[in-house]
Each structure stands twice: as C-alpha cells, then as structure tokens.
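Reading the structure
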Amino acid sequence: MTGVVEIDVTRTLRRPVTEIKKIVVVGTGYVGLPAAILLADAGHEVLGVDINESVVNSIRRREPLLDEEELSNLLKSDRVGRNLTASTQVETGDIFVIAVPTPLHPTKRIAALEALISAVESVLPHLRPGNLVIIESTIPPRTCQDLVKPMIEKGTKLRVPEDIKLAHCPERILPGNMYREIVRNDRIIGGIDEESSRLAKEMYEGFVIGDLVVTDDLTAELCKLMENTYRDVNIALTNEMSEVAETLGINYETALGLVNRHPRVSYLKPGIGVGGHCIPLDPWFIREIDPLNTRIIDVSRTINLGRPEKLAKKIRKKLANIGDPKILALGATYKPDVDDCRESPAVEIVDLMVEDGYKITHLDPMVPSMSYGSLIDEARGADLLVVLVPHQMVLREIERDRRAIEAVMRTPQIWIPFTY
Ligand SMILES: NC(=O)c1ccc[n+]([C@@H]2O[C@H](COP(=O)([O-])OP(=O)(O)OC[C@H]3O[C@@H](n4cnc5c(N)ncnc54)[C@H](O)[C@@H]3O)[C@@H](O)[C@H]2O)c1
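First, a word on scope: everything that follows refers to the structure included in this document.

Thresholds, definitions, all that
- Residues numbered from 1 in each chain as written.
- Predicted model: local features only at pLDDT ≥ 70, side-chain atom pairs only at ≥ 80, totals over all residues.
- Heavy atoms only, no water.
- Helix = DSSP H or I, 4+ residues; strand = E, 2+ residues; numbered from the N terminus.
- Expected span 1.5 Å × (residues − 1).
- Bend = angle between axes of the 7 residues up to and from the residue.
- Buried < 20%, exposed > 50% of the residue type's maximum accessible area, 1.4 Å probe, protein only.
- Contact = heavy atoms within 4.5 Å.
- Patch = residues over 30% accessible without salt bridge, like charges linked within 9 Å, V, L, I, M, F, W, Y side chains within 5 Å.
- Areas by Shrake-Rupley, 256 points an atom, 1.4 Å probe, with all protein chains shown as cover.
- Salt bridge = Lys/Arg side-chain N within 4 Å of Asp/Glu carboxyl O.
- Pairing = 2+ DSSP bridges.
- Arc of directions from axis to C-beta.
- Polar contact = N/O pair within 3.5 Å; in protein donor to acceptor, adjacent residues only side chain to side chain.
- Core = buried A, V, L, I, M, F, W, Y, C linked by side-chain atoms within 4.5 Å.
- Near = heavy atom within 4 Å.
- Nonpolar A, V, L, I, M, F, W, Y, C, P; charged D, E, K, R; others polar.

With that settled, the discussion passes to helix α7 (residues 143–156). Over its 14 residues, α7 extends 18 Å from the first C-alpha to the last, a length consistent with the 20 Å expected when each residue adds 1.5 Å. Along α7, the largest kink reaches about 25 degrees and is centred on K149; proline P150 follows within four residues of it. Along α7, the residues classified as buried are T143, C144, V148, M151, I152 and T156. Contacts from the buried residues of α7 go to α6 (114–123), β5 (132–135), β6 (165–168) and α10 (217–248). K157 sits one or two residues past α7 and shows a positive phi near 65 degrees.

Excluding glycine, residues mostly have negative phi values, and the peptide bonds linking residues are mostly trans. A cis amide bond links V160 with the next residue in sequence, P161, at an omega value of 10 degrees. One can find P161 in the loop between α7 and β6. At D337, a position not held by glycine, the phi torsion is positive, near 65 degrees.

Taken together, the side chains of L237, M241, V244, L248 and I250 define a hydrophobic patch exposed on the protein surface, amounting to about 420 Å² of accessible area. Within the element layout of this structure, V244 appears in helix α10.

What follows deals with the pairing of β6. Of the two faces of β6, the one holding K165 and A167 and the one holding L166 and H168 are both buried throughout. Looking at chain direction, β5 and β6 are connected through four bridges and run parallel. Bridged to I134 within β6 is A167. As judged from the two bridges shared by β6 and strand β7 (residues 187–191), these two strands associate in the antiparallel manner. By the bridge assignment for β7, A167 is matched with G191.

Before going further, it helps to examine helix α15 (residues 345–355). All of the buried residues in α15 are P345, A346, I349, V350, L352 and M353. Seen end-on, α15 carries its buried residues on one side only, within an arc spanning 155 degrees. Packed against the buried residues of α15 are α14 (307–318), β9 (326–330) and β10 (359–363). Between a side-chain oxygen at the N-terminus of α15 and the backbone nitrogen of A346 the separation is 3.1 Å; the capping residue is S344.

One recurring pattern in soluble globular proteins is that nonpolar side chains are buried together. In terms of nonpolar packing, the biggest core is built from 38 residues, with I37, L38, L84, I134, M203 and Y204 touching the most fellow members. Top contributing element to this core by residue count: helix α2 (residues 32–41), with seven residues. Grouped together as the second largest cluster of nonpolar side chains are 34 residues, L47, V120, L225 and W284 included.

Moving on: the site of the ligand. Residues in contact with the ligand amount to 25 residues; listed here are only the nearest, V31, D50, T102, S118 and T138. Contacts to the ligand include Y30, whose backbone N or O atom sits 3.0 Å from an oxygen atom. S118 places a side-chain nitrogen or oxygen 2.8 Å from a nitrogen atom of the ligand. Relative to its unbound accessible area of 830 Å², the ligand is 90% covered by the protein chains. The greatest single-element share of the shell around the ligand, amounting to three residues, is contributed by α6. Considered class by class, the residues forming the shell around the ligand number 13 nonpolar, eight polar and four charged.

So far we have only geometry, and geometry alone does not tell us how the molecule works.
Quick look at the structure:
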C-alpha cells in the first residue's frame, strides 16, 4: 500500500444515465461481457445472451473474469447484481448489442459471418419499431448495409433506418487492461443515419469517458479494420528489420533504441508472430473487398505468418548436435501476461516441432490446463528451455532460479528470443 488513495476518475467523469433502457447484449465473451457489466453499472436493465450455457451460468454465479480485476469486482457489486441477468434466449428490449465472433473462414481468407447471421436471426422476432441494433463485432466493410439491414427488413417487415435504427460501434479494448480501455478509449459511433448515431452515442455515454466520435456505418467498418492492419503492417516491418539486423550481426534491441529517438519514428518490437482474435484476421477483411489495393496486406500477413517457422528453424539449429533432444517450451498464449491462446504463434511453433518428431513439453502458467509447479522440476533432463511467450512471472522465475534450472538440464540452454 502506498497510502495514496487513487480516485476512480472513470466513475466521477461518467455522464449520468437520463433514461433507463433495456439492453440485450448478444454474445457475452471478451467484448460483450465487459459492455454488459458497464451498461448494468450505468443503471440500465441488461440481459446478457449467450449460446454457451456455461458462459451464462458463470455470469449468473458472478464468476470472476480472469485478470480483469475491476470488471470482476463490478460483476460482484450489488448494482450490477440487480441490473444484469443472463440467458441463452433473447428477449424484447430497447437496444440490441451484438458482440459475437467473426473469425476467418477455415479455408478462404474471408470473414466467416455465420455467428453474426445467427445472432441477428435470434434478435429478429423481438425487434419493435424504435429499437436500435448495434454491431460491436468486427465486420468487413458494407456488412451493415448489405447483410444486416436486408436481414432485419426481410425478417421483421420493418424498415431500416425508418423503423429500426442500426449502428456499427467497433470495440478497441486490450485484453488484460479491459476496464480502463473500455471506459477511456475514444470510440467510433457509425450510425446508418443520424438518429441511429445519436441513440448509440447516448448509450455509450453511460460508461465511456473517452470521446464518442460520430461517423457513418461504412466508415466505422473500414476504420476498425484499418487500425488492426496498421498494427500488422508495422509488426511485419520490425520483424523484417530484425532479420536484416541478424544478417548484419547487429544487436536489434540497440538499433531500435536508436531509431526510436527520431521524433517521427516509432518501431514496434519484433516477435514470434502475430496472434489473438483480431490483428491476424482483420486485414484479410479489407483485402476480401478490395484485393487490388491491398498488396501491403498480403506481404505483411505473409511475413507475420512465416514467423513461427523462422523460430522453429532457429530451435532446430540450437539442437542440431544433440541426440534425442528434449525441449521445454514456455508460453502458449498469443502475447505475454494474458490467458488467451487464440491464433497463438507459440502453439504453432510447438506443433511444428512435434511434427518434426521432437520431444517437447509445453507449459504456460497463465493457462490453467498447462500450468506447473516449478521450472526446476520441469526442466530436468531438457536440452533447451525456450521462452516463447515472455510472461512476467516466467521471466522472474528464470531470473531467480536460473542456476538451479541449468543445473538440472541435460544441456543447459535457456533461450528467450524476445523480451524487449
Ligand atoms: N477480444 C478482443 O480483444 C476484441 C477486440 C475488439 C473487437 N473484437 C471483436 O469482437 C467480436 C467478439 O469477440 P470476442 O473476443 O468477444 O469473442 P468471444 O469468443 O470471447 O465471445 C463471443 C461469445 O459469443 C457467443 N456466441 C456465438 N454465437 C452466438 C450467438 N449466435 N448468439 C449468442 N451468443 C453467441 C459465444 O458463445 C461467445 O461466448 C469479434 O468480432 C471480435 O473480432 C474482439
């Protein structure tokens, strides 16, 4: 304890809700549940709907959200307890917020919109004139106009936007820091008409203290995808430069420190690849609608998709002269200090090594099914301990126990490819 009482500005700066609405949030995962919690905390009557019964039950039991302390505390609060219910079934309401997955098609590099279609279908029988539908899921440009609007008009015989309002309000939260980000980040409000934007903005004003910037649905759709494409392209650039530095025998960490002193240059850190539910997918959603003008997306995606194989190659090199080598690989999540393994390059690297016939133990203290007691026990007899995901707790344990870990290994090689 520092003795300093931190004032929760996020609470004091929020605008009070003037009209209590019934809000149905369809899809209560990483994106939908935080929104449902904050809408309930703002005073609205909220129903969280999910097709996964265990998700519904865990909301009903007010189970904590891993590593999201503020949101877990809010979920247990009396106010949210009173205002938030959960169900597998949609009911009538004033506003319907859709936050279901929009993954990549399993074989083609286009968005798979089945979950979005089924979520919109589940809402249709409950829509009444004056209702607002907000799509928070990440979607390819023109999805509101060409898919959601026609579905609503066909399924309800009501007109969009005359009878039913529609908006795309994409999410920007960073897992691991969700409360702060969902409340403080500026947010794009993309209404299909002015009234849709006004109503959507009014809803977000209940918990967002960042700016709520109004635009149209199509601009909002493209902007969300442009943001993650920016990240992917810049990661590809630094990944390429790190290879060039290696070819030249230059320390890339030193080079980064120097170039980033330029006032208009900000290189990102290189890594083993790009994972998670957003950055590796979203650039393809732009490419699917304009393949001729998205060459940089192709190149960047190819570079980043090739990173796991590059790392696997380096691991093979480190084990080249060892008979029947044993590897201990640490980290399975898509980035440090989170529990999310979706699209994880670390998992891909381990799969590549297993395909090659290597004996590999894969552990991750952030993933309950892959956790362990002590690295000193786990590293016994290993020829390489490779940290694929530099979680703080793993780095601390290695720093503390390095000697003892090396003492139990058959070949004392500890390799942390990227920490900076
Ligand atoms: N996770 C992030 O950090 C993040 C950030 C910004 C945007 N997004 C986007 O938000 C959307 C949701 O992502 P997420 O990470 O919350 O996914 P998620 O998998 O964590 O949660 C989605 C939930 O929707 C439920 N679901 C699926 N189909 C349903 C249906 N028809 N009806 C009701 N529930 C249904 C699932 O059971 C799941 O619980 C995606 O489009 C994603 O790209 C995610």
